[in-house]
Amino acid sequence: MRISFCQGLLTAAIILNLLVLYYVSRAQQQMLEKRKELGRGTKKASSQGSNLGSDLGILAGHAGALDNHGRNPRVTTLLREFENFENYVTDVANSFLRQRAELPFLVVADTPPYPPLLLPEGARLLLLSPSPDQPPQSHRPEFHIQTEFVFLIPDGVELEQPRVIERLIRELEGEGGGPVKLVATPVLTRSAVQCLHLRVNLKEWTATYSPAASGSSGSVCTALQGDAVVLMRTEDLFNLSVPLGRPLFSALFIQTALRGWKVKLLESPCFSASHRPLFSSAHNQWKADTRLKEATGRLMKSFGLKRLLLPEGKEQWFGCSKETPRCFGTVQEDTPEYLYLDRWTPPCCLKALRETTKYVINILESSGVRYWLEGGTLLGAVRHQDIIPWDYDVDLGIYLEDVPNCDHLKNLDSGSLVDANGYVWERAVEGDFYRVQYSEANHLHVDLWPFYPRNGVMTKDTWTDHKQDVEFPEHFLQPLVPMSFAGITAYGPNNHRAFLELKFGEGVIENPQYPNPAKKRLDKSKL
């Protein structure tokens, strides 16, 4: 009898199904035998213990880290922060697996560690950098952590009390659906863990840390500083855009603070750390500090943060400087690129503009050049006593007849001047005015607009298409009046409201707006 193609295909499918059923049933039988073996081993170990009550307590504690059926672990231990050139990853893995062999232990690195890590059985290494010969899930941590909770630990820590993990789980579960999404406990080291409040203002590219109330068990705050272990739900960790960035605590708490999540810091139980300090030589400590600084810089750049205000009052800057280009490119249609990102002028740029303004004003005053705050700069002085938060340059008006008094200005027709402090003085290519740049590399600038009086009106020979670039009566400058601006006393028109409304229109002081509302409008509800 001939067998058709379809009959042959059906026969093959039946045989394949039978094979699958056979292997599945065989695997289930093997798992049942292993569980029976594990049960016999547990009973044997319990009967050999000298203190039955203590053993039962440990078993009950361990059950909290397993699911309701007592089979699947609820917690993955994860070690992210370590240095390749000197670490104690092997010792940490051994410490945890010796006490809690049933809990997955995962070491996470960006690239293969060198020298290679010697991990014990039960510990796995996950590399976050993709490899062209591997499937996409191989480097994605959410495919490797299948437990309900994740336990983040630093290098060098030891697990001495096996039930401490259950204590942290109970603390976190006791918070219900509230803002506390993380529970932490200290690692006993030379410096105590500090509970901090963290406010992240992406619009202003700034993160501000300040001390939080401490001294009571269960302090709740938004960031930690120092050595600690942290427990959180795996689902929450992978709801972060960068779940395992480095430095881990910086990346973690910036993202959780933006979401309104809080961390609860317990005073006890504490974890011990025999390997402190982590590095055996001053050179290795220097290498670690350097790498930490570099990693922090990369993280801040990726998060769009240019300035950190630390709890002790110090500042860290991650934006432009005198040696680097400014943070934004050529401005098109009076709308800098950061406005389209719903951000304002980076704080490093504002800092450079303030420095340049103070420097230029000092030279103008010492040279006998009359000047006044112009345009949007005057508007910033009236509104903020500072530069408008989204402005990208500073404008000063000057008397044209005073230009020969200033050595920095009088010879610019023959070319630009780089002065002893690195500022660049030049005639602007866009029109008949002067420009002072922060440096040759960084083109943040102060523009100097020369006017001269004619029949009681301040005028110029050339004009731009800016609506505020218009003639005005000289009486606004007679006299010039002192004004607070950017931390100094500068001079401005004597009736600033009338001057500004002549330039911009009525109500300009009380109604802030971006320079070109046709391209990007200010959302005043977010001020």
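Computed from a prediction, not measured in an experiment: that's the story for all the values here. (Residues numbered from 1 in each chain as written. Predicted model: local features only at pLDDT ≥ 70, side-chain atom pairs only at ≥ 80, totals over all residues. Heavy atoms only, no water.)

Notes on the UniProt feature "domain: LicD/FKTN/FKRP nucleotidyltransferase" (unreviewed entry) in the protein chain
Step number 1: Taking the UniProt record as the reference, the feature "domain: LicD/FKTN/FKRP nucleotidyltransferase" (unreviewed entry) is found at residues 366–402.
Step number 2: Overall, residues 366–402 shows 32% helix and 24% strand. The separation of its end C-alpha atoms is 12 Å. (UniProt positions renumbered as here; feature names shortened; annotations may be inferred. Helix = DSSP H or I, 4+ residues; strand = E, 2+ residues; numbered from the N terminus.)

Examining the pattern of salt bridges
Two side chains carrying opposite charge are able to pair once their charged atoms lie near each other.
Step number 1: On inspection of all chains with the given rule, the structure shows 29 salt bridges.
Step number 2: The salt bridge involving R100 is made with E166; its shortest N-O contact spans 3.0 Å. Of the two residues, R100 is situated in the loop between α3 (89–99) and β2 (105–109) and E166 in helix α4 (residues 164–174); the sequence distance between them amounts to 66 residues. Accessibility classification places R100 together with E166 in one group, the buried group.
Step number 3: The shortest N-O distance in the salt bridge between K520 and D342 comes to 3.0 Å. One end of the pair, K520, is in the segment after α12 (496–504); the other, D342, is in the loop between α8 (337–340) and α9 (347–367), with 178 residues separating them in the sequence.
Step number 4: Note on K520: relative accessible area 19%, which makes it buried. (Salt bridge = Lys/Arg side-chain N within 4 Å of Asp/Glu carboxyl O. Buried < 20%, exposed > 50% of the residue type's maximum accessible area, 1.4 Å probe, protein only.)

A short note on the side chain of Q255
Step number 1: Within the secondary structure, Q255 sits in helix α6 (residues 248–258).
Step number 2: Looking at Q255, the relative accessible area reads 3%, which means it is buried.
Step number 3: When near neighbours in sequence (up to four residues on either side) are disregarded, Q255 contacts L240, S241, V242 and F303. (Contact = heavy atoms within 4.5 Å.)

A short note on unusual backbone geometry
Keep in mind that most residues, glycine aside, have a negative phi and that most peptide bonds are trans.
Step number 1: The residue after Y114, namely P115, is reached through a cis peptide bond having omega 0°.
Step number 2: Structurally, P115 is set in the loop between β2 and β3 (123–127).
Step number 3: The amide bond that connects S268 to the next residue, P269, takes the cis arrangement and shows omega of 0°.
Step number 4: Turning to its location among the elements, P269 is positioned in the loop between β11 (262–265) and α7 (282–303).
Step number 5: Although it is not a glycine, D334 adopts a positive phi angle of roughly 60°.
Step number 6: The class of D334 is partly exposed, set by a relative accessible area of 27%.

Some points on the layout of surface pockets
Step number 1: Volume-wise, the second largest pocket comes out at about 1,200 Å³.
Step number 2: Around the second largest pocket sit 43 residues that line it, and D334, Y392, D393, H466 and Q468 are the ones nearest its centre.
Step number 3: Elements that contribute at least two residues to the lining of the second largest pocket include exactly α10 (375–384), β18 (434–437), β19 (445–454) and α12.
Step number 4: In terms of residue class, the lining of the second largest pocket is made up of 14 nonpolar, 13 polar and 16 charged. (1 Å grid on protein atoms, 1.4 Å probe; cavity = no way out; pocket = protein on both sides within 12 Å on 5 of 7 lines; lining within 4 Å. Points joined across faces, edges and corners; volume = space filled by probe spheres on them. Nonpolar A, V, L, I, M, F, W, Y, C, P; charged D, E, K, R; others polar.)

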